[in-house]
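# A structural walkthrough
Below are the chains, spelled out letter by letter.
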Protein chains: 2
Amino acid sequence: MQQEVNYLQQLLATLRTRLLVMAASVGIALEEAGKALAANDPGRATAVMESDAAIDALENEIDEMALQLLARTQPVAGDLRFVVSALRMVVDLERIGDEAVSVAEQAVLMQDTPGCAVIPQVLPMFQRARDAYEQAVRVFRENRADEALQMIHGDGEALQCEVRIIQGIMERLSDPASGLKPPLAMHIILITRSLTRIWRRSINIAEHVYFISQGESLKHNKLDDKTTAPAPLAAEMDAAAAGDGAAAAQKAPAVDEDAE
Amino acid sequence: MQQEVNYLQQLLATLRTRLLVMAASVGIALEEAGKALAANDPGRATAVMESDAAIDALENEIDEMALQLLARTQPVAGDLRFVVSALRMVVDLERIGDEAVSVAEQAVLMQDTPGCAVIPQVLPMFQRARDAYEQAVRVFRENRADEALQMIHGDGEALQCEVRIIQGIMERLSDPASGLKPPLAMHIILITRSLTRIWRRSINIAEHVYFISQGESLKHNKLDDKTTAPAPLAAEMDAAAAGDGAAAAQKAPAVDEDAE
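Just so it is clear, the structure is predicted and the values come from calculations on it, not from any experiment.

The rules behind these values
- Residues numbered from 1 in each chain as written.
- Chains lettered and ligands numbered in written order.
- Predicted model: local features only at pLDDT ≥ 70, side-chain atom pairs only at ≥ 80, totals over all residues.
- Heavy atoms only, no water.
- Helix = DSSP H or I, 4+ residues; strand = E, 2+ residues; numbered from the N terminus.
- Buried < 20%, exposed > 50% of the residue type's maximum accessible area, 1.4 Å probe, protein only.
- Contact = heavy atoms within 4.5 Å.
- Areas by Shrake-Rupley, 256 points an atom, 1.4 Å probe, with all protein chains shown as cover.
- Buried area = accessible area lost by both parts, 1.4 Å probe.
- Salt bridge = Lys/Arg side-chain N within 4 Å of Asp/Glu carboxyl O.
- Polar contact = N/O pair within 3.5 Å; in protein donor to acceptor, adjacent residues only side chain to side chain.
- pLDDT = per-residue confidence, 0-100.
- UniProt positions renumbered as here; feature names shortened; annotations may be inferred.
- Expected span 1.5 Å × (residues − 1).
- Axes fitted to C-alpha atoms, helices over the stretch in contact; angles between N-to-C directions.
- Parallel < 35°, antiparallel > 145°, perpendicular 65-115°, else oblique.
- Nonpolar A, V, L, I, M, F, W, Y, C, P; charged D, E, K, R; others polar.
- Phe/Tyr/Trp six-rings, centres within 6.5 Å; stacked < 30°, edge-to-face > 60°.
- Lys NZ or Arg CZ within 6 Å of the ring centre and 35° of its normal.
- Least-squares fit on C-alpha atoms with pLDDT ≥ 70 in both.
- Arc of directions from axis to C-beta.
- Core = buried A, V, L, I, M, F, W, Y, C linked by side-chain atoms within 4.5 Å.

### Thoughts on the overall build of chain A
Counting its secondary structure elements, chain A contains 10 helices and zero strands. Going from the N terminus to the C terminus, chain A shows its helices and strands as α-α-α-α-α-α-α-α-α-α. The buried share of chain A, reckoned over its 260 residues, is 54%. Long-range pairs, those at least 24 residues apart, make up 82% of the contacts in chain A with a sequence separation of at least 6. Per element, the accessible surface of chain A, about 10,100 Å² overall, is 53% carbon and sulfur.

Here it is in structure tokens:
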């Protein structure tokens, strides 16, 4: 029996290590995609795209490992929650890797777009999305349920950030004096979309950590949050149109705020 | 032993039934959200928002059931893949339900927006996203791996559809004669975003069905697909700007085409 327990603990430790390796690989892809975007460096962007195959291989390996573990041992309680969460977390990590590739692809495509001034618009959001990812990985590594909860409660910010950027683009598109043309606007929208997904998938990871540690899903907390109805989007946009940027920024957009 | 096997089969059948109930509830929410959008009916939209709590409760129930099943019995091979896929599928179903709520919320908010002519722009995409969902549920119910594979190979369509709608909006915004104003454009973009997610989460469900049935992930197939590089987005947009809509529609947008 003791031997079986040790065998299980050893498999769990290996699973955890492989997840951390995958998280680190995705973190590097994200960092490089950001540099490709900031420096307009297509070589760096290509490297991000090529590194995606290794991340996908890690996903398959971890999936297989977790399935074997469930088939051969019989984990219960926290150990079982860990394995099940690993199977879900690996999907989030892989999709964050995909979004890093999307950002890198846009960095390459934008090169030839006239007036390629994407940086001031999306770079601050890139930084926040990356911070959320790094925080999620730390929360997982150090098993910090309290910090996970904090991340989950801030899950409206990603969407607010995206909505604000899209609002800005649309205002500029409808103002002939701004000089913003549809092709560049499209690149900015697609990058912003990827950043929202990276941010919210990071919050998913925090949710898994909370579940492993506390043994309960956060669905109930989320429902509680929903009882405070957000301000209508129309009102927010009117405020933005009237130049009342501060008021608009403070209001939550009235779109569903569940994570990606 | 025979008794244990029967017990496991009974638990698996219950899990399957509850998943189908959840899938049906999400399908109803989606249908009602579409009607709220088409008919501009805020009462119907409110009903969709209120029904979301029941979908969330089903998610918790199925999660709990699958965990109990793993802790008490020891499923292997196809049975194990089914339970693990159920744990992932339930997340996709819940998120599709959330997006139905988002669409309903936009239907309510759009009421007071001047020139609220969203219908011709997003209704065809709504229909395609809903078809994808219904197909995914059928694929699951009838365990059709062949049809699942077909759905997975068409996973670029959702994004192409979204990109085409956003392109159209941006062209109109930058043309003062079109009369499209930023607030309505924002509603259309947020609805389109939800529809893409519904469509691609439906493809996720097809992926789970394929995995249950074939015992392998589709990551490898996806990698093969990627070797045929899509046409650059810039070229597609230039074609669209030049009025060459057919050529633009045929080209895939150069953004990452992995599912939501």
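### Quick word on the interface of chain A and chain B
With 66 residues of chain A at the contact, the number on the chain B side is 66 residues. Summing both partners gives a buried area of about 5,400 Å² for chain A against chain B, and 60% of it is carried by carbon and sulfur. Between Glu-207 of chain B and Arg-95 of chain A there is a salt bridge whose closest N-O contact spans 3.9 Å. At the boundary of chain A with chain B, the tally comes to 10 residue pairs in polar contact (both at pLDDT 80 or more). Sorting the residues of the side of chain A that touches chain B by element identifies helix 2 (42-72), helix 3 (77-110), helix 6 (157-173), helix 7 (182-214), helix 8 (219-226) and helix 9 (233-241) of chain A as the ones contributing at least two each.

### Some details on the confidence of the model for chain A
All names here are of chain A. Per-residue confidence for chain A gives a mean pLDDT of 83, with 81% of residues at or over 70. When mean pLDDT is taken per element in chain A, helix 5 (residues 145-153) scores highest with 95 and helix 10 (residues 245-250) scores lowest with 36. When the criterion is pLDDT under 50, residues 220-259 qualifies, and its contacts beyond four places in sequence or with other chains add up to 77 contacts. Reported for the predicted complex are a pTM of 0.85 and an ipTM of 0.83.

### Details of the UniProt feature "domain: PhoU" (unreviewed entry) in chain A
All names here are of chain A. Feature annotation in UniProt assigns "domain: PhoU" (unreviewed entry) to the following positions: residues 21-106 and 125-209. End-to-end, the C-alpha atoms of residues 21-106 are 26 Å apart, and along that stretch the chain is 93% helix and 0% strand. Secondary structure across residues 125-209 comprises 84% helix and 0% strand; the distance between its end C-alpha atoms is 24 Å.

### Considerations on the pattern of salt bridges
One pass over the structure, following the stated rule, counts 34 salt bridges over all chains. Its salt-bridge partner being Arg-88 of chain B, residue Asp-63 of chain A comes within 2.6 Å of it at the nearest N-O pair. Note that Asp-63 of chain A is positioned in helix 2 and Arg-88 of chain B in helix 3 (residues 77-110), a pairing that runs across two chains. Here Asp-63 of chain A falls in the buried class, since its relative accessible area comes to 9%. Given a relative accessible area of 12%, Arg-88 of chain B falls into the buried group. Put simply, Arg-193 of chain B and Glu-162 of chain A hold a salt bridge, and the shortest N to O gap is 2.1 Å. Note that Arg-193 of chain B is positioned in helix 7 (residues 182-214) and Glu-162 of chain A in helix 6, a pairing that runs across two chains.

### Points about helix 3 of chain B
For helix 3 of chain B, which comprises 34 residues, the first-to-last C-alpha distance of 49 Å matches the rise-based estimate of 50 Å (1.5 Å per residue) to within 8%. Along helix 3 of chain B, 30 of the 34 residues are buried, which leaves the element largely enclosed by surrounding structure.

### What to know about the packing of helix 6 of chain A against helix 7 of chain A
Residue and element names in this part refer to chain A. The N-to-C vectors of helix 6 and helix 7 enclose an angle of 175°; their axes lie 9 Å apart at closest approach. Considered as vectors, helix 6 and helix 7 are oriented roughly antiparallel to each other. For the pair helix 6 and helix 7, contact is made by Glu-157, Ala-158, Cys-161, Glu-162, Ile-165, Ile-169 and Leu-173 and by Pro-182, Ala-185, Ile-188, Ile-189, Thr-192, Arg-193, Thr-196, Trp-199 and Arg-200, respectively. Among the residues making up the contact of helix 6 with helix 7, the classes are represented as 10 nonpolar, two polar and four charged.

### Some details on the environment of Gly-154 of chain A
All names here are of chain A. You can see Gly-154 is positioned in the loop between helix 5 and helix 6. Of the residues examined, Gly-154 reaches a relative accessible area of 19% and is grouped as buried. Taking the C-alpha atoms as reference points, Gly-154 and Thr-17, 137 residues apart in sequence, are found 28 Å from one another.

### Observations concerning the packing of aromatic side chains
Residues and elements named next belong to chain A. In the structure shown here, the tally under the stated rule is two aromatic pairs over all chains. Ring centres of Phe-82 and Phe-140 lie 6.5 Å apart, and the angle between their planes is 5°; this geometry places the pair in the stacked category. Of this pair, Phe-82 sits in helix 3 while Phe-140 sits in helix 4 (residues 119-141), placing them 58 residues apart in sequence. In this pair, the class of Phe-82 matches that of Phe-140, namely buried. In this structure, Arg-16 packs its charged tip against the face of Phe-140, placed 5.3 Å from the ring centre.

### Remarks on the relation of the copies chain A and chain B
Copy one and copy two of the chain differ by a rotation about an axis and a translation along that axis. Mapping chain A onto chain B leaves a residual RMSD of 0.0 Å; the transformation is a rotation of 180° accompanied by 0.0 Å of translation along its axis. Within this description, the copies of the chain are treated as partners about a two-fold rotation axis. For chain A, the residue whose C-alpha comes nearest the rotation axis is Ser-174 of chain A, separated from it by 2.4 Å. Comparing contact sets, 100% of the residues at the interface of chain A also lie at the interface in chain B, consistent with an isologous, same-surface contact.

### What about helix 5 (residues 145-153) of chain B?
All names here are of chain B. If you check which residues of helix 5 are buried, you get Ala-145, Glu-147, Ala-148, Met-151 and Ile-152. The buried residues of helix 5 all sit within an arc of 160° when viewed along its axis, so they share a single face. Facing away from the buried side of helix 5, by more than 90 degrees, are the exposed residues Asp-146 and Gln-150.

### Observations concerning the environment of Arg-197 of chain A
Residues and elements named next belong to chain A. On the secondary structure map, Arg-197 appears in helix 7. Linking Arg-197 and Arg-72, residues 125 residues apart in sequence, is a C-alpha distance of 35 Å. A distance of 3.1 Å separates polar atoms of two side chains, one belonging to Arg-197 and the other to Glu-99.

### Details of unusual backbone geometry
All names here are of chain A. Phi is positive for Asn-143, close to 55°, though the residue is something other than glycine. As for its placement among the helices and strands, Asn-143 is situated in the loop between helix 4 and helix 5. A relative accessible area of 45% means that Asn-143 is categorised as partly exposed.

### Here we look at the nonpolar core
Counting 158 residues, the largest nonpolar core has Tyr-133 and Leu-195 of chain A together with Leu-15, Tyr-133 and Leu-195 of chain B as its most contacted members. In contact with Tyr-133 of chain B, other than residues within four places in its own chain, are Ala-23, Val-26, Gly-27, Leu-30, Leu-93, Ile-96, Ser-202 and Ile-205 of chain B.

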